[in-house]
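# Analysis of the macromolecular model
Now for the letters of each chain:
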Amino acid sequence: MKPLAPRAAYLFAALLALALLPTCDAAERSPHWEKVRAEHLKAEPSCAWCGGAKDLQVHHVKPFHEHPELELDQANLITLCEAPGLNCHLIHGHHGDWKKENPEVREQCELHRAMVRIREAAAARIVKRKCEAKAAALQKRLIERIDQRVADSGRTWDACAVDVATDWLADRRGALEAGNQDRWDEAAAFLLLVYDRGVTPAPDVRRELVAQVEDILRRLAAE
Ligand SMILES: [Zn+2]
Ligand SMILES: [Zn+2]
């Protein structure tokens, strides 16, 4: 077959595009979508990020326009809210831009929910153990240590916080694993600080953290 002359090739491409356009546009929602959507909301009745139950949307992790074949696949669906002032759907499902997508949304939601649960358990422990003053003093020392490391290394606060946390943990791992209650008070104070400063753990740490969350929660529950 002779190659098409440039002009003919252009025309051919234009015609092909025109012929294909209606098919692309015609990727309509399946008649089963409403049923699948309702089933998903029954199984996951709250926002995977914030836990809220207002203005819920069922989001496609792999977007419908690129993966219409996954439209009805429950594994590709996640519940996210569009509650005023939050809009977890836009912010976490679409990275703040409806044209974008976030393939890691599920993992990020899991980590966030795990961190929220750990934060709540840590705060509750400090109150229950009446160790607020001790916790505040430790947080102050840790902040100084992290600030110092930032000044020495020129690295970010987050990175230095992770370093300090790693060193701190290395020194106390044995005592923590042995269930030393004073050390767990300190761990609660440290976890609160890390959470409230918005320090984001590295991906490998995240996975480990999510895997260990139940154990951490159990240990944070004051005796
Ligand atoms: Zn939400
Ligand atoms: Zn969406």
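Residues numbered from 1 in each chain as written. Chains lettered and ligands numbered in written order. Predicted model: local features only at pLDDT ≥ 70, side-chain atom pairs only at ≥ 80, totals over all residues.

A word on the nonpolar core. Core analysis: the biggest nonpolar cluster contains 23 residues, and Ala122, Ala188, Ala189 and Leu191 have the highest contact counts within it. Examining the composition of this core, we find that nine residues originate from one element, helix H7 (residues 181–196), more than from any other. For alanine 189, the contacting residues outside a window of four places in its chain are Ile126, Ala135, Leu138 and Gln139. Counting residues in each nonpolar core, the second largest holds 12 residues, with Ala48, Leu77, Leu80 and Cys109 among its members. (Core = buried A, V, L, I, M, F, W, Y, C linked by C-beta atoms within 7 Å. Buried ≥ 20, exposed ≤ 12 C-beta atoms within 10 Å, placed from the backbone. Helix = DSSP H or I, 4+ residues; strand = E, 2+ residues; numbered from the N terminus. Contact = placed C-beta atoms within 7 Å.)

A few words on the environment of arginine 129. For arginine 129, the location among the structural elements is in the loop between helix H4 (105–128) and helix H5 (132–153). Among the residues examined, arginine 129 registers 17 C-beta atoms within 10 Å and is labelled partly exposed. As for arginine 129 and alanine 222, which are separated by 93 residues in sequence, their C-alpha atoms are 7.0 Å apart.

Before going further, it helps to spend a moment on the confidence of the model for the protein chain. As a note on interpretation, predicted positions should not be read in detail where pLDDT is low. Put simply, the protein chain has an average pLDDT of 87, and 87% of its residues get 70 or more. Mean pLDDT across the elements of the protein chain bottoms out in helix H1 (residues 6–25) (48) and peaks in strand E2 (residues 77–81) (98). With pLDDT under 50 throughout, residues 15–26 is counted as low confidence; its partners more than four residues away or in other chains account for zero contacts. (pLDDT = per-residue confidence, 0-100.)

Turning to H4, a few remarks are in order. Along its 24 residues, H4 runs 34 Å from first to last C-alpha, staying within 8% of the 34 Å computed at 1.5 Å per residue. Among all positions in H4, only Val105, Cys109, Leu111, Met115, Ile118, Ala121, Ala122, Arg125 and Ile126 are buried. As for H4, its buried residues are in contact with E2, helix H3 (88–93), H5, H7 and helix H8 (203–220). After H4 finishes, the residue lysine 130 shows a positive phi value of roughly 50 degrees. (Expected span 1.5 Å × (residues − 1).)

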